[in-house]
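Spelled out from the first residue to the last, the chains are:
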Amino acid sequence: MANIKSAKKRILTSNKKAEANKAVKTGVKTAVKKVNAAVESGDKAAAQEALKAASSTINRALPARSPGFLRRSASSHKFLQALNQ
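The rules behind each value
- Residues numbered from 1 in each chain as written.
- Predicted model: local features only at pLDDT ≥ 70, side-chain atom pairs only at ≥ 80, totals over all residues.
- Heavy atoms only, no water.
- pLDDT = per-residue confidence, 0-100.
- Helix = DSSP H or I, 4+ residues; strand = E, 2+ residues; numbered from the N terminus.
- Expected span 1.5 Å × (residues − 1).
- Buried < 20%, exposed > 50% of the residue type's maximum accessible area, 1.4 Å probe, protein only.
- Contact = heavy atoms within 4.5 Å.

A. Up close: the confidence of the model for the chain. Per-residue confidence for the chain averages 86 on the pLDDT scale, and 94% of its residues sit at or above 70. Summarising per-element confidence for the chain, the mean pLDDT is lowest in helix α3 (residues 72-83) (78) and highest in helix α1 (residues 5-41) (91).

Have a look at this one:
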């Protein structure tokens, strides 16, 4: 454990950021899994809705909207993976 006050504060803020990043990461993974499940079930309308939701979730993980969990290239890669299902 840190002894210096600023180091203690830094630990707290890094833990908050880690929790936020974990939430974004699981949200993106879940959205992509929902697209895959809808495609495998063969329901085209549900797959399109899931893709729309996944696109929104992936775009919220970009640096322009939040502190930036994903790089732009990584987000486009994830979106294209979902789109090509």
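Resuming the write-up.
B. Structural context of α1. The terminal C-alpha atoms of α1 lie 54 Å apart, and with 37 residues this matches the ideal 54 Å at 1.5 Å per residue to within 8%. The complete set of buried residues in α1 reads V28, A31, V32, V35 and A38. Among the structural elements, α2 (44-60) and α3 are those in contact with the buried residues of α1. Within two residues after α1, G42 carries a phi angle of roughly 90°, on the positive side.

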